[in-house]
Amino acid sequence: MDPFETHRLHLLSPGNWSEEFPLTLEGKVEEGLVVYSRSGLIEGRTTGARLRCYSTGCPGWFIGVSWETGQRLRPCSEGWTYDSDARSVRINGGGEISARVVSPAPLGVDPRPRAEWPSRVSLSGCKGWRVRA
């Protein structure tokens, strides 16, 4: 099969989405859910975006996350878990904020140094942070 067709079919496949993780009527993730980095020291918020992982053969889904570092990433569900009781996401694989688990390494983007992070006030106008968690 043509590699482009294989990839197109992959993107159209259902993948694995946790039934515990609720979606909006539009099929998006709720904006503003808290996301914790792998170490738990960095906080993010969901932006509402959800799309199939681009890595052909990966059953995961990307979710949009706006991190307090000022970075916006799409971690794959193969590297995070959803806690339905706390209504939060925790990175549990791959990089600190990227959740990149696809081989080969690297494990994705590193967080910016703390001195470069935006203020919480400036984040409050950004997608994910503009709603109360």
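The structure presented is a predicted model; accordingly, all values stated were derived computationally and were not measured.

Here we look at the pairing of strand β6 (residues 88–91)
Then, in step 1: Sheet analysis places strand β1 (residues 34–36) next to β6, joined by three bridges and oriented parallel. Residue pairing for β6: Tyr36 is matched across the bridge by Arg90.
Then, in step 2: Of the strand pairs in this sheet, strand β5 (residues 80–83) and β6 are connected by four bridges, and their pairing is antiparallel. Across the sheet, the residue bridging to Asp83 is Ser88, located in β6.

Some details on the environment of Thr6
Then, in step 1: You can see Thr6 is positioned in helix α1 (residues 3–12).
Then, in step 2: The sequence separation of Thr6 and Thr56 amounts to 50 residues, and the corresponding C-alpha distance is 7.8 Å.
Then, in step 3: Sequence-distant contacts of Thr6, that is, excluding residues within four places in its chain, are made with Met1 and Thr56.

A short note on the sheet that holds strand β3 (residues 61–67)
Then, in step 1: In space, the six strands of this open sheet follow the order β4-β3-β2-β1-β6-β5, with mixed pairing throughout. The open sheet terminates on both sides in strands that have one partner only, identified here as β4 (72–73) and β5.

Focus: the pairing of strand β2 (residues 43–52)
If a strand is regular, its side chains alternate between the two faces of the sheet.
Then, in step 1: The element β2 is extensively covered by neighbouring structure, given that seven of its 10 residues are classed as buried.
Then, in step 2: Pairing of β1 with β2, which is carried by three bridges, proceeds in the antiparallel orientation. Opposite Val35, over in β2, you have Gly44 as the bridge partner.
Then, in step 3: With six bridges joining them, β2 and β3 adopt antiparallel strand pairing. Note on β3: the bridge partner recorded for Gly44 is Trp67.

Cut-offs used in this document
- Residues numbered from 1 in each chain as written.
- Predicted model: local features only at pLDDT ≥ 70, side-chain atom pairs only at ≥ 80, totals over all residues.
- Heavy atoms only, no water.
- Pairing = 2+ DSSP bridges.
- Helix = DSSP H or I, 4+ residues; strand = E, 2+ residues; numbered from the N terminus.
- Contact = heavy atoms within 4.5 Å.
- Buried < 20%, exposed > 50% of the residue type's maximum accessible area, 1.4 Å probe, protein only.

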